[in-house]
Amino acid sequence: MKLRCLLTWFVMSCLPLTAFAQDAANSEDAGQAILETLRADNQAAEARDRQRLDVLLNDQQALDAALSEARESLAQARERQEALETRQSEQQARLAELRERRGEEAGDLESVYDVARRHASDLRNALNESWLTVGGQAQLPQRLEDDGLLDVATLASLGDSLMSLTVESGQAIEFTAPVADAAGNVSSREVVRLGDYLGFSDGQLLQVPGKSGPLSVAEHTPSDVSELLEAYHSGNGDVVAFDPTRGAVLDALAQQPTLRERFQQGGAVGYVVVALGGIGLLVALAQYVYLLLVTVRMRRQVREPDILRQDNPLGRVLARFNALGEGHAPEALEARLDEALLAEQPRLERGQPLVKLLAAVAPLLGLLGTVTGMIVTFQSITVFGTGDPQLMAGGISQALVTTVLGLITAVPLLFAQTALASRSRDLIGTLEGRASAVLAEHLESRPEEVSERRHATLA
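Residues numbered from 1 in each chain as written. Predicted model: local features only at pLDDT ≥ 70, side-chain atom pairs only at ≥ 80, totals over all residues. Heavy atoms only, no water.

Chemist: Would you take a moment to explain the overall build of the protein for this structure?
Modeler: Per the secondary structure count, the protein includes 13 helices and 5 strands. Buried residues in the protein amount to 25% of all 459 residues. Put simply, 62% of the contacts in the protein that link residues at least 6 apart link residues at least 24 apart. Of the roughly 31,200 Å² of accessible surface on the protein, a fraction of 58% belongs to carbon and sulfur atoms. (Helix = DSSP H or I, 4+ residues; strand = E, 2+ residues; numbered from the N terminus. Buried < 20%, exposed > 50% of the residue type's maximum accessible area, 1.4 Å probe, protein only. Contact = heavy atoms within 4.5 Å. Areas by Shrake-Rupley, 256 points an atom, 1.4 Å probe, with all protein chains shown as cover.)

Written out as structure tokens, the structure reads:
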């Protein structure tokens, strides 16, 4: 029984090995067949190529015909080359003869033609971006050829061009033309041109057009210039403003920053300086208005001493003095009066310390902005070098603008603090003077009581 089981296990184990061997044999046979097929195809192709080569080599007549055709084409090309060279030599000789004849016949006219050609070329280059050819009938002179001949038609054309340009230089014309605004939008506008000086539309100066493209609005037209141009266009004025440098002044004005741009160049320090200055001016203005109101009320109280009002410091001080009653020593009355005056003094001097502090801090903040701006400038120099000044302009602008803002803020604050101090000192002096006068009158009205108290004090 055990022997049968072992035989069964051995047969089952050998079956997969047998199947694998059969598959391997079948794969090897298929690969061998494919290899034989490739070899057969390669041999067939080589045989076809060899046969074609043999046919070509054996066809001597076809080779000779092709060689003869190539030689004939070469001979024709050489003949054509010789004919062209001969023709070139004849033309060069003819050109030399014509030049010699031209020099003999033209004489001084050739030098005149050279002068006319040079001046025509210079005139075209100079007036290439000129207002003379915009909106009018004038045309630039034609560019003369280097080897041209001077004739009557050329001289007449050149003279007509010069005359038309001269006439256009003294005319003021109005025409309609496409104009591009600052945003690049092109629209048809009424344009006024004054000779070769300027052109404007709707109170805005226009730039001279280039070789192609419409007219364009100048980047910046000053407000006073715009008013003059609008008045001239409407017939209400006879004065215009123009740029004699042909755009250099306008470019400089366009690069000049506005007040807002100047303020923005100060950066964060500039904002802080302006904010503190605004706060100081508001406090000073409010306190000065209060002091003016107190001045008016005190003057009314001085005119009416019998009616004590509580809306002014003098009325309150006198009211407290009258409330003391009789029987007090002069020293006590004086002390109570000083106490009442000291109680009113802080209201009259309110806001002055803050304004004085801000006036002292503003230049220091400006100096801080100067230091930070120079730090930014040196950082730009470290990174980019000194080749491009525009890279350093931001830091320099911040340094200068913050200093200016600090000084501009401090100066009015100092004036405001001085005005407040002067006004408050006048009011305090008036208040003390009136209070002392009332105390003296009170003491003079009771001389016996004062004498008795004095003798009692001496005893």
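There is more to say, and it comes next.
Chemist: What's the story with the sheet that holds strand β1 (residues 172–180) in this structure? I'm lost.
Modeler: Sheet strands line up and pair through hydrogen bonds in the backbone, either parallel or antiparallel. Read once around its circumference, the closed barrel built from 5 strands follows the order β1-β2-β3-β4-β5, with strand pairing classed as mixed. Along the sheet, successive strands turn relative to each other by an average axial angle of 50°, direction set aside. With 9 bridges connecting them, β1 and strand β2 (residues 186–194) associate as antiparallel partners. Note on β2: the bridge partner recorded for A172 is L194. The strands that helix α5 (residues 223–234) touches are β1, β2, β3 (198–201) and β4 (204–207); relative to β3, the one it contacts most, it runs at about 85°. (Pairing = 2+ DSSP bridges. Axes fitted to C-alpha atoms, helices over the stretch in contact; angles between N-to-C directions.)

Chemist: Help me understand the UniProt feature "transmembrane region" (unreviewed entry) in the protein in this model?
Modeler: Look at the UniProt record and you will see "transmembrane region" (unreviewed entry) annotated at residues 268–293, 357–376 and 396–415. In residues 268–293, the share of helix is 100% and the share of strand is 0%. The end C-alpha atoms are 38 Å apart. Structurally, residues 357–376 is divided into 100% helix and 0% strand, and its ends, taken at the C-alpha atoms, are 29 Å apart. (UniProt positions renumbered as here; feature names shortened; annotations may be inferred.)

Chemist: Mind showing me how you'd approach α5 here?
Modeler: Count 3.6 residues to each turn of an α-helix, and residues three or four apart come out pointing the same way. Between its terminal C-alpha atoms α5 stretches 17 Å, which fits the 16 Å expected from 12 residues at 1.5 Å a residue. Those residues of α5 that fall on the buried side of the exposure criterion are V225, S226 and L229. Down the axis of α5, the buried side of the element spans an arc of 100°, and every buried residue falls inside it. Residues of α5 that are exposed and angled more than 90 degrees away from the buried face: S223 and E227. Here the buried face of α5 lies against β3 and β4. Where α5 ends, the next residue or the one after it, G235, has phi of about 90°, a positive value. (Expected span 1.5 Å × (residues − 1). Arc of directions from axis to C-beta.)

Chemist: Explanation requested: the pairing of β4 in the structure shown.
Modeler: Two faces, one strand: in a regular strand the side chains alternate between the faces of the sheet. Sheet topology note: the β3/β4 ladder contains 2 bridges and is antiparallel. Bridge pairing links S201 to Q204 in β4. The hairpin turn running from β3 into β4, its antiparallel successor, is 2 residues long, and D202 in that turn takes a positive phi close to 55°.

Chemist: For this particular structure, what's the right way to read the environment of A138?
Modeler: Tracing the backbone through its elements, the reader meets A138 in the loop between α3 (109–126) and α4 (152–168). Since its relative accessible area comes to 1%, A138 is described here as buried. Residues A138 and S169 lie 31 residues apart in sequence; the distance between their C-alpha atoms is 9.7 Å. Once you skip the residues sitting within four places of it in the chain, A138 turns out to touch L132, T133, S164, L165 and E168.

Chemist: Even after reading the chapter, I still don't get a negative patch on the surface, so can you show me in this structure?
Modeler: The grouping of E174, E190, D202, D224, E227 and E230 at the surface amounts to a negative patch. No other element matches α5, which puts 3 residues into the negative patch. Judged by its relative accessible area of 49%, D202 is partly exposed. (Patch = residues over 30% accessible without salt bridge, like charges linked within 9 Å, V, L, I, M, F, W, Y side chains within 5 Å. Salt bridge = Lys/Arg side-chain N within 4 Å of Asp/Glu carboxyl O. Lys, Arg positive; Asp, Glu negative; His and termini not counted. Charge placed at Lys NZ, Arg CZ, Asp CG, Glu CD.)

Chemist: I tried to follow unusual backbone geometry on my own but got confused; where do I start?
Modeler: Comment: phi is negative for the bulk of residues other than glycine, and the bulk of peptide bonds are trans. Positive phi values are uncommon outside glycine, yet D202 reaches one of about 55°. Within the secondary structure, D202 is located in the loop between β3 and β4.

Chemist: In this structure, what is going on with the pattern of salt bridges? I would like to understand it.
Modeler: This model, assessed by the stated rule, comprises 3 salt bridges. R94 serves as the salt-bridge partner of E97, at 3.8 Å between the closest nitrogen and oxygen. Residue E97 and its partner R94 are both found in helix α2 (residues 60–106); the two are separated by 3 residues, about one turn of the helix. Residue classification places E97 among the partly exposed residues on the basis of a relative accessible area of 48%.

Chemist: Where do I start with the packing of aromatic side chains in this structure?
Modeler: Taken as a whole, this structure holds 1 aromatic pair when the rule is applied. Ring geometry for F200 and Y232: centres 6.5 Å apart, planes at 70°, overall edge-to-face. In this pair, F200 is assigned in strand β3 and Y232 in helix α5, connecting sequence segments 32 residues apart. A relative accessible area of 1% places F200 in the buried class. Above the face of the Y290 ring, R350 is positioned so that its terminal group lies 4.8 Å from the ring centre. (Phe/Tyr/Trp six-rings, centres within 6.5 Å; stacked < 30°, edge-to-face > 60°. Lys NZ or Arg CZ within 6 Å of the ring centre and 35° of its normal.)

Chemist: What's the story with a nonpolar patch on the surface in this structure? I'm lost.
Modeler: A contiguous nonpolar surface patch, about 260 Å² in accessible area, is contributed by I279, L354 and L357. In this structure, L357 sits in helix α11 (residues 352–384).

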